[in-house]
Amino acid sequence: MFVVVNPATGKTILEMQSDDQKSIEAKMALAENAQKKWQKTSIPMRIGIVKKWNDLLNANLEKLAKILTNETGKPISQSLSEIRSVSARVDFFTKHVEAVLETSCVSETGEFTQEEISCEPLGVIANISAWNYPYFVGANVFVPALLMGNAVLYKPSEFASITGHHIAQLMHEAGVPENVFTLVTGVGDVGAMLVNQNVDGIFFTGSHATGLKILQQAREKMIPVQLELGGKDPTYVCEDINIEKAAESLAEGVFYNTGQSCCSVERIYVHQSVYASFLEHLVEKTRRFIVGDPADEKTFIGPLTRKAQLSILEKQVTDARSHGGRVLLGGERLKGDGYFFAPTIVAEANHDMICMREESFGPIIGIQKVADDEEALALMNDTDYGLTAGIYCHSQTRARQFLSQVNTGSVYWNCCDRVSPRLPWTGRKNSGIGSTLSLEGLRVFGRVKAWHLRAVSN
Ligand code: NAD
């Protein structure tokens, strides 16, 4: 059993049943059999079922959003928006899956020889997921996996397991056979048991520390292991941009989902000539955010999902102060039983500070002054992570030139904290291995087969 807590109140919502070694083995065996049949269902049928699941999400939107807000503390407007936006992913994947699965003939010459490439599903995959966007990061994996003909053993985070339960229930209601999409619940040790099964692929979203454990545990399996991990995402604000607009956009990019997005902006570098003005605008924009009850539609910043993160943020603030940081806003947890941390802006930040090196995953931002593009670029690349990076400047040529030298999987010009179903979502360095979304995000759930065909006359 494990306990699900409402982070806004600190009160227990319910106790949930955990899987164990025996139940996981049984689920694995059932999934293996079920997958063989699922693979043979027609692609239009699989598309229809997945679309129906998405319709059911929308039909239950208000109820599901409340559940998500209750167990993760995500502000309700953001819970609604997350669930609504699943449609764009489903639309993209359902539109392209037939083409990805289509066999192609690639022979160039030869009367009797035919060369073809076909694509087959991997089989049974383990999908171990994070809590911060359970619908998004879940759908990035299980939607294309199912469409491509795989069975999925889905382990939601222990901090989003009620949501996981509803995701599975609606999948079955939509027509996905029970053993083709199977819920596995529990804390980290249950995830580790799942990794030990005879699965055909592991698709993980979560922290770098857990990703590393999974990679080590799975190293002798010879199966695809895909890891979507954390970030320490930087942005550079140049001297020739509208500073007020940049500050407004970045305030959202820093504090949306209470700073608990893998692509939250976590470091900002500002050209010295506009540094003071930027700080002023950022403080002003951030002050406008309503912090409080996540169930209230006006709230923009809610509690942290995990209590333990409060002391990590406190440590980052103390450390920043000791290295010359100036806390312009916030800097402490809020009184009460909920896990609230005040939105925090640290000026005069530098790379000696933990808040500029380690993932904060909370409502805190460090801002550092830079002399020019070269200094900004060097600092942005001075990190163990490589998920996203951005620049706010007038000229596209300057942005392209700058961003081409940044070592991250995604880059942004005059925007931030953005994911598109049409573009690959991929991390470099400690931000992970592999891609979800885009056509890549379908292909990773299949394996190609090369056909060498030769007709002979008797
Ligand atoms: P986490 O690593 O604590 O947990 C993720 C999942 O792994 C959970 O389901 C957990 O139960 C399970 N787990 C824990 N220990 C395990 C083990 N030893 N073996 C197998 N499974 C285990 O991460 P989290 O707190 O849920 O998520 C936050 C992290 O996820 C942040 O670092 C964030 O940046 C990252 N994230 C990345 C992306 C991306 O797309 N790159 C998206 C969302 C979140």
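Heads up: the structure comes first, above all this text.
None of these values were measured; they are calculated from a predicted model. (Residues numbered from 1 in each chain as written. Predicted model: local features only at pLDDT ≥ 70, side-chain atom pairs only at ≥ 80, totals over all residues. Heavy atoms only, no water.)

So, on to the packing of aromatic side chains. All told, the structure shown has 12 aromatic pairs when counted by the stated rule. Both rings, one in Tyr154 and one in Phe181, keep their centres 5.4 Å apart while their planes meet at 35°; by these two values the pair is tilted. Of the two residues, Tyr154 sits in strand 6 (residues 151–155) while Phe181 sits in strand 7 (residues 181–183), which places them 27 residues apart along the sequence. The exposure class of Tyr154 is buried, given its relative accessible area of 1%. Here Phe181 falls in the buried class, since its relative accessible area comes to 0%. When the centroid spacing of 4.2 Å and the interplanar angle of 15° are considered together, the rings of Phe289 and Phe300 count as stacked. Within this pair, whereas Phe289 is found in the loop between helix 11 (275–287) and helix 12 (308–322), its partner Phe300 is found in the loop between helix 11 and helix 12, the two being separated by 11 residues in sequence. Look at Phe289 and you get buried, because its relative accessible area is 16%. On the basis of relative accessible area, Phe300 is assigned to the buried category, the value being 13%. Each member of the aromatic cluster is reached from another via a ring pair, and the members are Trp53, Phe142, Tyr154 and Phe181. (Phe/Tyr/Trp six-rings, centres within 6.5 Å; stacked < 30°, edge-to-face > 60°. Helix = DSSP H or I, 4+ residues; strand = E, 2+ residues; numbered from the N terminus. Buried < 20%, exposed > 50% of the residue type's maximum accessible area, 1.4 Å probe, protein only.)

Around the ligand, the structure places 29 residues, and the nearest of them are Glu158, Ser207, Thr210, Leu229 and Glu359. At 2.8 Å, a backbone N or O of Ser129 approaches an oxygen atom of the ligand. One of the backbone nitrogen or oxygen atoms of Leu229 is found 2.7 Å away from a nitrogen atom of the ligand. Starting from 850 Å² of accessible surface for the ligand in isolation, the protein chains cover 92%. Those elements that provide at least two residues to the shell around the ligand are helix 8 (188–195), strand 8 (201–205) and helix 9 (208–217). Classifying every residue of the shell around the ligand gives 13 nonpolar, 10 polar and 6 charged. When residues of the shell around the ligand are sorted by domain, at least three fall in each of domain 1 (2–229 + 431–452) and domain 2 (233–413). (Near = heavy atom within 4 Å. Polar contact = N/O pair within 3.5 Å; in protein donor to acceptor, adjacent residues only side chain to side chain. Areas by Shrake-Rupley, 256 points an atom, 1.4 Å probe, with all protein chains shown as cover. Nonpolar A, V, L, I, M, F, W, Y, C, P; charged D, E, K, R; others polar. Domains from an automatic or database assignment.)

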